[in-house]
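Notes for the structure review
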Amino acid sequence: MTIKIQRIVNVAMVLISWLTIPQLGLRNIKRFLPASLLILIVEMLHARYGKKQRWWVFFNKPKSTLFGEFPFQIGPFLAVAIWSLKWANGNFKWFILINGIINAVFAYPITYFARKFRYYTLVRFNKFQFFLYFFSKAFLLYWFQYIYEKLTYQNV
């Protein structure tokens, strides 16, 4: 994949993800954004460590964050965090199922096509480990949201 096409893919990925967020409504965005931003920070820290450990490699500009993980983090990762919290609406089993499906789609078919089109590839991770890498954050996201709602709505 050329750098020009990769830029277009990165911008499209972020824009499409962000265009879905207003569909949630302002009330839901305010409700779910704090926990989603917190898990985004955790993901960014994990991704820095993962990049140093060479768990994955981006084919173009592997040392640049703008070409690497950043578009995935501020685009689909953030949007999926907010949407999954909305869809589950406090039901833990439903939340885990939703996250499991979304993370499996990302870890298996999307990773397959990313390697085929020379976007990124897994190096020291297999696809199952990559799935667990993202799926483990689902528990933390749910916990962040649970704590946030306890603190926010306990005085109401």
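Values in this document were obtained by computation on a predicted structure and should not be read as measured data.

1. Focus: the nonpolar core
One finds Trp56, Phe95, Tyr120 and Phe130 to be the most contacted residues of the largest nonpolar core, which totals 40 residues. The residues touching Trp56, leaving out its near neighbours within four places in the chain, are Ala47, Gly50, Lys51, Glu69, Thr121, Leu122, Val123, Phe125, Phe130 and Tyr133.

2. A short note on the side chain of Asn103
Secondary-structure assignment places Asn103 in helix H4 (residues 92-116). Setting aside anything within four residues of it in sequence, one finds Asn103 in contact with Phe131, Phe134 and Phe135.

3. Thoughts on helix H5 (residues 127-153)
The end-to-end C-alpha distance of H5, which contains 27 residues, comes to 39 Å, matching closely the 39 Å that a straight helix rising 1.5 Å per residue would cover. Buried within H5 we find Phe130, Phe131, Tyr133, Phe134, Phe135, Lys137, Ala138, Leu141, Tyr142, Phe144 and Gln145. On its buried face, H5 sits against helix H2 (26-52), strand S1 (56-58), helix H3 (70-88), H4 and strand S2 (120-122). N-cap assignment for H5: the residue whose side-chain oxygen lies 3.0 Å from the backbone N of Phe128 is Asn126.

4. Re the packing of aromatic side chains
In the structure shown here, the tally under the stated rule is 34 aromatic pairs. For the pair Trp83 and Trp87, a centre-to-centre distance of 5.3 Å together with 40° between the ring planes defines the contact as tilted. Of the two residues, Trp83 and Trp87 both sit in helix H3, four residues apart, roughly one turn of that helix. Look at Trp87 and you get partly exposed, because its relative accessible area is 46%. Between Phe131 and Phe135, the ring centres sit 5.3 Å apart and the planes meet at 10°, which makes this aromatic pair stacked. Residue Phe131 and its partner Phe135 are located together in helix H5, separated by four residues, close to a single helical turn. The class of Phe131 is buried, set by a relative accessible area of 13%. A cation over a ring is seen here: Arg118 above Phe59, with NZ or CZ 4.2 Å from the ring centre. A cation over a ring is seen here: Lys137 above Tyr133, with NZ or CZ 3.5 Å from the ring centre.

5. Focus: the pattern of salt bridges
Tallying each qualifying case throughout the model produces three salt bridges. Between Glu149 and Arg31 there is a salt bridge, with the nearest N and O atoms lying 2.7 Å from each other. Taken as a pair, Glu149 in helix H5 and Arg31 in helix H2 lie far apart in primary sequence, 118 residues in all. Overall, Glu149 belongs to the partly exposed group, its relative accessible area being 21%. Here Glu43 makes a salt bridge to Lys137, at a shortest N to O gap of 3.3 Å. Of this pair, Glu43 sits in helix H2 while Lys137 sits in helix H5, and the two are 94 residues apart along the sequence. Both residues of the pair, Glu43 and Lys137, belong to the buried class.

6. A word on unusual backbone geometry
The residue Arg54 is not glycine, and still its phi comes out positive at about 60°. Looking at where Arg54 falls in the secondary structure, it is placed in the loop between H2 and S1.

7. Re the side chain of Asn99
Checked against the element boundaries, Asn99 lands in helix H4. A relative accessible area of 6% places Asn99 in the buried class.

About the criteria used
- Counting restarts for each chain, with residues numbered from 1 along the sequence as it is written.
- The predicted nature of this model means local features are confined to residues of pLDDT at least 70 and side-chain atom pairs, given and counted, to a pLDDT of 80 or more, with totals for whole chains, interfaces and linings taken over all residues.
- Values shown for side chains rest on all heavy atoms present in the structure; no hydrogens or waters enter the calculation.
- Buried residues of nine kinds, namely Ala, Val, Leu, Ile, Met, Phe, Trp, Tyr and Cys, make up a nonpolar core once their side-chain atoms join them within 4.5 Å.
- Classification of residues uses two cut-offs on accessible area relative to the type maximum, computed with a 1.4 Å probe and protein chains only: under 20% is buried, over 50% is exposed, and between them is partly exposed.
- Here, residues are in contact when the closest pair of their heavy atoms is within 4.5 Å.
- Where helices and strands are cited, they refer to DSSP runs of H or I of at least four residues and of E of at least two residues respectively, numbered from the N terminus.
- Multiplying 1.5 Å by the helix residue count minus one yields the expected span of that helix.
- In protein, a polar contact means a hydrogen-donor-capable atom and an acceptor-capable atom, both N or O and within 3.5 Å, with residues adjacent in sequence counting only if both atoms are side-chain atoms; elsewhere, any N or O pair within 3.5 Å suffices.
- Only the six-membered ring of Trp is used, alongside the rings of Phe and Tyr, when aromatic pairs are assigned; centres must lie within 6.5 Å, and planes under 30 degrees apart are stacked while those over 60 apart are edge-to-face, with the rest tilted.
- A ring is scored as having a charge over it whenever the NZ atom of a lysine or the CZ atom of an arginine sits within 6 Å of its centre and within 35 degrees of its normal.
- By definition, a salt bridge exists where a carboxyl oxygen of Asp or Glu is found within 4 Å of a side-chain nitrogen of Lys or Arg.

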